[in-house]
Protein chains: 2
Amino acid sequence: MDFNSLTPELLVAFEAIVGPQHVLTAQRAEAAATADTYADYGRDHTEDLHFAPDVVLRPANAEEISQIVRLCHQHHIPVTPRGAGTGLSGGALPIHHGVVLSTERLNQIIQIDERNLQATVEPGVVNEAFQQAVQAVGLFYPPDPASKGSCFLGGNLAHSSGGPKAVKYGTTRDYVLNLQVVLPTGDIIWTAANTLKNSTGYNLTQLMVGSEGTLGIITKVVFRLLPYPKHNILMLVPFRQVTQAAEAVSAVFRAGIIPSGMEFMEREAIAWSSEYLKISLTLPEDIAAHLLIELDGQDLDELYKEAEQVYGVLEHYDVDEILLADNATQKDELWRIRRNIGNSVRYNSVYKEEDTVVPRAELPTLLSGVKEIGARYGFKSVCYGHAGDGNLHVNIIRGDLDDEMWNVGLRQPITEIFELCVKLGGTISGEHGIGLVQKGYIGIALPDTNLELMRGIKRVFDPHGILNPGKIF
Amino acid sequence: MDFNSLTPELLVAFEAIVGPQHVLTAQRAEAAATADTYADYGRDHTEDLHFAPDVVLRPANAEEISQIVRLCHQHHIPVTPRGAGTGLSGGALPIHHGVVLSTERLNQIIQIDERNLQATVEPGVVNEAFQQAVQAVGLFYPPDPASKGSCFLGGNLAHSSGGPKAVKYGTTRDYVLNLQVVLPTGDIIWTAANTLKNSTGYNLTQLMVGSEGTLGIITKVVFRLLPYPKHNILMLVPFRQVTQAAEAVSAVFRAGIIPSGMEFMEREAIAWSSEYLKISLTLPEDIAAHLLIELDGQDLDELYKEAEQVYGVLEHYDVDEILLADNATQKDELWRIRRNIGNSVRYNSVYKEEDTVVPRAELPTLLSGVKEIGARYGFKSVCYGHAGDGNLHVNIIRGDLDDEMWNVGLRQPITEIFELCVKLGGTISGEHGIGLVQKGYIGIALPDTNLELMRGIKRVFDPHGILNPGKIF
């Protein structure tokens with residue numbers, strides 16, 4: 001795609017649409033001594049990448065976004081939609097410069113409909129703020145990525161984010177009923193209806209979810225909600241053998257139990273994170289990995305019965321003493337450790353994170369494959385993730401790898417890891433998306449015929465290719 | 001679209017692909033005295049419609065389908081894929097004649113993967129046969145349309161069929177991980193991976209589900225499964241006021257209970273069906289409607305606790321004695337009554353069925369709206385359906401309406417019913433699809449911009465428009 005550069009006339013037009021205070025440029029930021037804040041619009045949480053936007057726009061609503069996009073469509077200016085910038089695949093990076101369109105001001109919970117167990121929200125609402133708002137009226141929005149304290153719901157929709165509860169409750173995708181979307185031409189549509197079922201035409205809703213801001217800009221969402229589960233139980237289970245931990249995951253499900261969390265953590269993952277958080281945790285030397293298992297429901301007696309069944313399954317494995325967290329502080333602490341693994345790895349070392357996913361029972365094979373590939377290419381990895389979903393986050397640690405190996409040489413072992421995923425019935429991203437950094441690997445997961453269909457769909461929505469160009473494929 | 005006619009050369013080519021015994025024509029059927037069977041390939045369960053195919057092909061696998069479709073693509077011959085023909089919107093009717101492609105021979109359950117709680121099946125497997133096969137190994141495939149004893153899984157995918165259990169477990173859509181599809185050009189793809197999560201490119205899987213055979217022919221499906229719920233409880237609740245029955249639906253959910261079934265039946269619905277089945281059922285004169293409420297789970301004590309909570313909710317309404325079905329025979333009988341309402345209505349009268357859906361709490365408003373519109377236009381309707389999903393099947397009874405009113409005059413009141421659905425946040429089909437008979441109404445639910453996107457997607461997949469032409473839009 002050939003794009004045009006911003007013109008002074010367009011800047012004036014943008015000012016007329018969103019107001020001058022919501023049109024940010026490098027020059028203005030420098031004058032106002034906010035250059036750092038401005039630069040952040042060119043970054044996300046993906047490694048150490050930065051691309052400078054020509055202009056950052058902060059519209060207030062769908063109508064303003066529509067006017068902006070219409071202009072950009074007409075003038076062939078790239079538009080990169082941006083949520084909170086917590087993405088891990090570079091999806092929000094303005095690699096072709098142009099406009100960064102921030103959704104930060106679309107941050108209202110418009111309605112919580114208790115009669116219908118639904119809520120209508122804007123994309124700039126922080127995930128956890130939304131969870132808390134619905135919980136206050138006894139309702140439950142399950143998707144809870146590790147970054148829930150800062151990530152936006154719009155970003156969650158862009159990648160169909162998961163989180164620990166996805167194993168029982170599904171990912172973001174499973175809670176969306178209807179989306180208001182500004183198309184790349186500037187038209188505003190609703191994709192569906194506010195109903196639990198819908199067999200009325202093609203599923204534009206699910207096409208938008210996971211399309212990483214390349215097909216449209218989501219400006220309102222109708223989510224379905226659940227009754228809030230009144231009780232939960234949390235167990236931390238230490239294993240002496242890593243592969244046994246991975247095997248036990250599948251065994252729990254086969255026993256008829258669907259935990260609301262089933263997280264796997266290698267020794268280093270839990271050790272680094274608890275150290276990072278300065279939480280003291282006994283970690284006997286022979287412990288190789290942990291499972292963090294949560295059960296939830298409306299009835300505590302029933303949960304204890306289920307917990308006994310889980311204990312029954314775990315008896316067949318070489319586990320140390322199980323920690324049963326039975327108060328809120330202890331539970332919070334364990335979840336904080338789990339959620340901060342990413343941060344602690346980042347604190348300890350430069351790293352690359354791969355978001356591998358396979359059918360649940362193939363996890364032991366994937367894990368030993370990753371270690372074998374690492375040994376062969378001389379890198380260490382810290383692995384953890386949503387084991388109940390077969391979703392393993394592989395953090396490749398830079399350690400003393402040289403620049404050549406880090407920047408170029410790793411492509412081969414990463415390719416081998418992804419090929420292993422696909423061979424096991426899996427794919428290369430479970431919840432982080434393809435964005436920029438996994439784009440080079442998408443051919444491992446999807447043949448040309450699939451990619452051609454996707455490119456065709458992209459052209460239908462975005463004939464000038466202005467929206468988040470250079471991502472996914 | 002301009003289509004070409006079948007030629008003798010193409011018939012020969014089809015014979016070479018599938019074998020002569022799987023190439024059926026009217027002429028051959030007449031010669032073999034199987035004209036009735038042949039004519040059935042031009043019908044489904046939608047009203048009294050018939051369109052004659054030029055030829056019926058019964059391929060055995062994806063490769064044969066690919067060869068057939070490639071030829072049809074090349075020669076611009078319409079192809080109408082067909083499952084069991086139980087559809088209620090005319091989706092499988094060959095309105096442009098050409099090829100009817102029956103999936104009846106793709107009827108294998110290829111694998112039930114107990115380790116991963118997944119199964120790989122062909123589209124011509126009967127829904128109930130699949131349910132029973134997975135139940136035999138303790139697993140659960142929830143979607144259960146009323147026609148489950150005869151409908152194919154492929155047809156269920158075409159419309160994202162639901163059924164009573166959708167209220168707790170979702171529709172067909174929610175169980176699909178991966179699809180093997182023959183595209184309208186003859187290419188064979190898998191849409192995704194066999195994983196519970198996937199953020200790798202656009203969601204082609206969910207685009208195929210519900211596309212009513214217009215984007216590709218599904219030849220294999222990977223479904224996720226659940227542990228089979230060990231216990232259930234069924235309650236039949238008689239209400240003296242119809243709108244109270246509809247209101248109670250929402251109240252049960254607000255109390256934090258998610259039933260595995262929550263069916264609404266007007267007095268006539270249950271009366272006609274029990275009479276049709278010759279099941280004697282006490283039906284006091286003042287009873288206007290029933291709710292059939294099912295609870296399921298792994299623990300019977302827990303279910304009885306939930307049942308008490310449901311009773312607590314129902315106390316606030318004017319209900320007669322609740323029948324608690326506590327043995328398999330009684331439960332089966334109640335479910336048979338529910339499932340045979342459609343058949344009994346068909347037995348009693350010519351009718352049209354509308355598959356309205358609204359947010360659950362709007363059901364009372366929809367129901368009184370339907371009755372008011374019926375009163376105004378002089379028709380009677382029998383209403384029933386999946387109240388927990390807000391999905392109301394409105395059966396308009398012919399009674400003594402004249403031909404003019406039946407064939408033309410009803411369009412206006414049906415339009416008004418659909419407009420009411422949309423006004424209430426709903427849409428015109430919850431699970432039956434648009435197919436042929438609702439095509440004229442789709443503009444009520446979806447504006448032109450949405451339809452243009454859908455047409456654009458259709459062109460990407462099917463540049464010659466050969467696959468199930470004339471459906472949806």
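Residues numbered from 1 in each chain as written. Chains lettered and ligands numbered in written order. Predicted model: local features only at pLDDT ≥ 70, side-chain atom pairs only at ≥ 80, totals over all residues. Heavy atoms only, no water.

1. Quick look at the overall build of chain A
Rules: A run of DSSP states H or I qualifies as a helix once it reaches four residues; a run of E qualifies as a strand once it reaches two. Both are numbered from the N-terminal end. This radius of gyration counts C-alpha atoms alone. The globule rule is 2.2 Å times how many residues there are, raised to the power 0.38. Working definition: with a 1.4 Å probe on protein chains only, accessible area under 20% of the residue-type maximum means buried, over 50% means exposed, and in between means partly exposed. Residue contacts are defined here by distance: any two heavy atoms, one from each residue, within 4.5 Å place the two residues in contact. Only the protein chains shown count as cover for residues, and all accessible areas are computed by the Shrake-Rupley method using a 1.4 Å probe.
When helices and strands are tallied, chain A shows 18 helices and 18 strands. The C-alpha radius of gyration of chain A comes to 23 Å, within 12% of the 23 Å expected for a compact globule of 473 residues. Here the C-alpha coordinates of chain A stretch approximately 70 × 60 × 50 Å along the principal axes. The proportion of buried residues among the 473 residues of chain A is 62%. When contacts within chain A are restricted to residue pairs at least 6 apart in sequence, those whose partners lie at least 24 apart make up 73%. Within the structure as shown, chain A displays about 17000 Å² of accessible surface, and the carbon and sulfur contribution to it stands at 48%.

2. A closer look at the state of the cysteines
All names here are of chain A. Defined as follows: Cysteine sulfur atoms are paired as a disulfide whenever they come within 2.5 Å of each other.
Evaluation of the coordinates by the stated rule reveals 0 disulfides over all chains. Cys-421 provides the cysteine sulfur closest to Cys-383, a residue in no disulfide bond, and the two sulfurs are 11 Å apart. The class of Cys-383 is buried, set by a relative accessible area of 0%.

3. Overview of the interface of chain B and chain A
The line we're drawing: Here the quantity called buried area is the total loss of accessible area, with a 1.4 Å probe, experienced by two parts when brought into contact, counted for both. The working definition used for a salt bridge is a side-chain nitrogen of Lys or Arg within 4 Å of a carboxyl oxygen of Asp or Glu.
The interface of chain B with chain A comprises 83 residues on the first partner and 83 residues on the second. A buried area of about 6300 Å², summed over both sides, lies between chain B and chain A, and 59% of it is on carbon and sulfur atoms. It is B:Lys197, B:Ser199 and B:Tyr202 that lose the most area in chain B upon contact with chain A, and together they represent 16% of the buried surface on that side. At the junction of chain B and chain A, the tally comes to 10 salt bridges. In this structure, B:Asp389 engages A:Lys197 in a salt bridge whose closest nitrogen and oxygen atoms are separated by 3.2 Å.

4. Things to note about the relation of the copies chain B and chain A
Where we set the bar: The fit set for superposing copies consists of C-alpha atoms from residues with pLDDT of at least 70 in both; the fit itself is least squares.
For the pair chain B and chain A, the superposition axis carries a translation of 0.0 Å, the fit reaches an RMSD of 0.0 Å, and the rotation angle comes to 180°. What we have between these two chains is a two-fold relation. Taken as a fraction of all interface residues of chain B, those also at the interface in chain A reach 100%, which identifies the copy contact as same-surface.

5. Looking at the sheet that holds strand E4 (residues 99-102) of chain A
All names here are of chain A. Stated formally: Strands are treated as partners if at least two bridges between them are detected by DSSP. Fitted lines through C-alpha atoms give the axes, limited to the stretch in contact for helices. The angle between two N-to-C directions lies from 0 to 180 degrees.
With mixed pairing, 4 strands are arranged side by side in an open sheet as E1-E2-E4-E3. Strands with a single pairing partner mark the edges of an open sheet, and in this sheet they are strand E1 (23-24) and strand E3 (79-82). Relative to E4, strand E2 (residues 55-57) runs parallel, the two sharing 3 bridges. What sits directly across from Val-56, in E4, is Val-100. Sitting on the sheet, helix H4 (residues 62-75) touches E2, E3 and E4, and the angle it makes with E4 is about 165°.

6. Section: the domain arrangement of chain A
Keep this limit in mind: Marked domain ranges trace back to an automatic or database domain assignment.
Under the domain assignment, chain A is made up of domain 1 (8-105) and domain 2 (231-340). Distance between the C-alpha centres of domain 1 of chain A and domain 2 of chain A: 42 Å.

7. Regarding the packing of aromatic side chains
Aromatic rings in a pair are described by how distant their centres are and how their planes are angled relative to each other. We apply this condition: Between 30 and 60 degrees the pair is tilted, below 30 it is stacked and above 60 it is edge-to-face, where a pair is any two Phe, Tyr or Trp rings, Trp via its six-membered ring, whose centres lie within 6.5 Å. Counted as over-ring charges are cases with an Arg CZ or a Lys NZ within 6 Å of the ring centre that also lie within 35 degrees of the ring normal.
A complete count under the given rule lists 20 aromatic pairs over all chains for this structure. With centroids separated by 5.5 Å and ring planes inclined at 35°, the aromatic side chains of B:Phe130 and B:Phe223 adopt a geometry described as tilted. Highlighted residues: B:Phe130 in helix H5 (residues 127-135) and B:Phe223 in strand E10 (residues 217-224), separated in sequence by 93 residues. Among the aromatic residues, those joined into a cluster by ring pairs are A:Phe130, A:Tyr141, A:Tyr175 and A:Phe223. The positively charged end of B:Arg360 is found above the aromatic ring belonging to B:Phe253, 3.5 Å away from the centroid.

8. With respect to helix H13 (residues 341-348) of chain B
Let me state the cut-off plainly: By definition, the arc is the one covered by directions from the helix axis to the C-beta atoms.
Among the residues of H13(B), B:Ile341, B:Gly342, B:Ser344 and B:Val345 are the ones counted as buried. One side of H13(B) holds all its buried residues, which, seen down the axis, span an arc of 165°.

9. Focus: the UniProt feature "domain: FAD-binding PCMH-type" (unreviewed entry) in chain A
Under the convention used in this document: UniProt positions are given in the numbering used here, feature names are shortened, and annotations may be inferred rather than shown by experiment.
Under the UniProt annotation, the feature "domain: FAD-binding PCMH-type" (unreviewed entry) is placed at residues 49-228 of chain A. End C-alpha to end C-alpha, residues 49-228 of chain A measures 39 Å, and it is 22% helix and 23% strand.

10. Things to note about the environment of A:Leu436
Residue and element names in this part refer to chain A. Looking at the secondary structure, you find Leu-436 in the loop between helix H16 (411-423) and helix H17 (442-445). Residues Leu-436 and Asp-286, 150 residues apart in the sequence, show an inter-C-alpha distance of 39 Å. Residue contacts for Leu-436: discarding those within four places in its chain leaves Leu-49, Phe-51, Ser-89, Gly-90, Gly-91, Leu-93, Ile-95, Gly-470 and Lys-471.

11. Points about the sheet that holds strand E1 (residues 23-24) of chain B
The 4 strands lie next to each other as E1-E2-E4-E3 (chain B), forming an open sheet whose pairing is mixed. Edge positions in the sheet fall to E1 and strand E3 (79-82) of chain B, since each has one partner strand and no second.

12. Quick notes on the pairing of strand E13 (residues 261-266) of chain B
Residues and elements named next belong to chain B. Taking burial as the measure, the 6 residues of E13 include 6 buried ones, the bulk of the element. The pairing of E13 with strand E14 (residues 289-297) spans 6 bridges and is antiparallel. Bridging across to E14, Met-262 finds its partner in Ile-293. Relative to strand E17 (residues 380-386), E13 runs antiparallel, the two being bridged by 3 bridges. Each bridged residue has a counterpart across the sheet, and for Phe-264 the counterpart in E17 is Gly-385.

13. Topic: the pattern of salt bridges
All names here are of chain A. Per the stated rule, a full pass over the model turns up 42 salt bridges over all chains. The residue Glu-268 makes a salt bridge to Lys-380 at a minimum N-O spacing of 3.0 Å. Here Lys-380 lies in strand E17 (residues 380-386) and Glu-268 lies in helix H10 (residues 267-276), a separation of 112 residues in the sequence. Owing to a relative accessible area of 40%, Lys-380 belongs among the partly exposed residues under this scheme. By sharing partners, the salt bridges in this structure join Arg-240, Asp-286, Asp-318 and Asp-320 into a single network.

14. Section: unusual backbone geometry
All names here are of chain B. Despite not being glycine, Ala-33 shows a phi value in the positive range, around 55°. Here the phi dihedral of Ile-472 falls at roughly 70°; this positive angle occurs in a residue that is not glycine. Secondary-structure assignment places Ile-472 in the segment after helix H18 (448-461).

15. A closer look at the side chain of B:Thr415
Residues and elements named next belong to chain B. Mapping Thr-415 onto the fold places it in helix H16 (residues 411-423). In this structure Thr-415 comes out as buried when scored by relative accessible area, which is 17%. The contact partners of Thr-415, leaving out residues within four places of it in the chain, are Tyr-441 and Ile-444.

16. Remarks on the packing of helix H9 (residues 242-254) of chain A against helix H14 (residues 363-377) of chain A
Residue and element names in this part refer to chain A. Filter applied, for reference: When an angle is under 35 degrees it counts as roughly parallel; over 145 it counts as roughly antiparallel; between 65 and 115 it counts as roughly perpendicular; any other value is oblique. Crossing handedness is read from the near helix: turned anticlockwise from the far helix by less than a right angle, it gives a left-handed crossing, and turned clockwise, a right-handed one. Side-chain classes are defined by residue name, with Ala, Val, Leu, Ile, Met, Phe, Trp, Tyr, Cys and Pro counting as nonpolar, Asp, Glu, Lys and Arg as charged, and the others, Gly among them, as polar.
Taken N-terminus to C-terminus, the directions of H9 and H14 make an angle of 155°; their axes are 8 Å apart at the nearest point. With respect to each other, H9 and H14 are oriented roughly antiparallel. Once H9 is placed against H14, the crossing between them reads as right-handed. Of the residues in H14, those touching H9 at Val-242, Thr-243, Ala-246 and Glu-247 are Leu-363, Pro-364 and Leu-367. Residue composition of the contact of H9 with H14, by class: 5 nonpolar, 1 polar and 1 charged.

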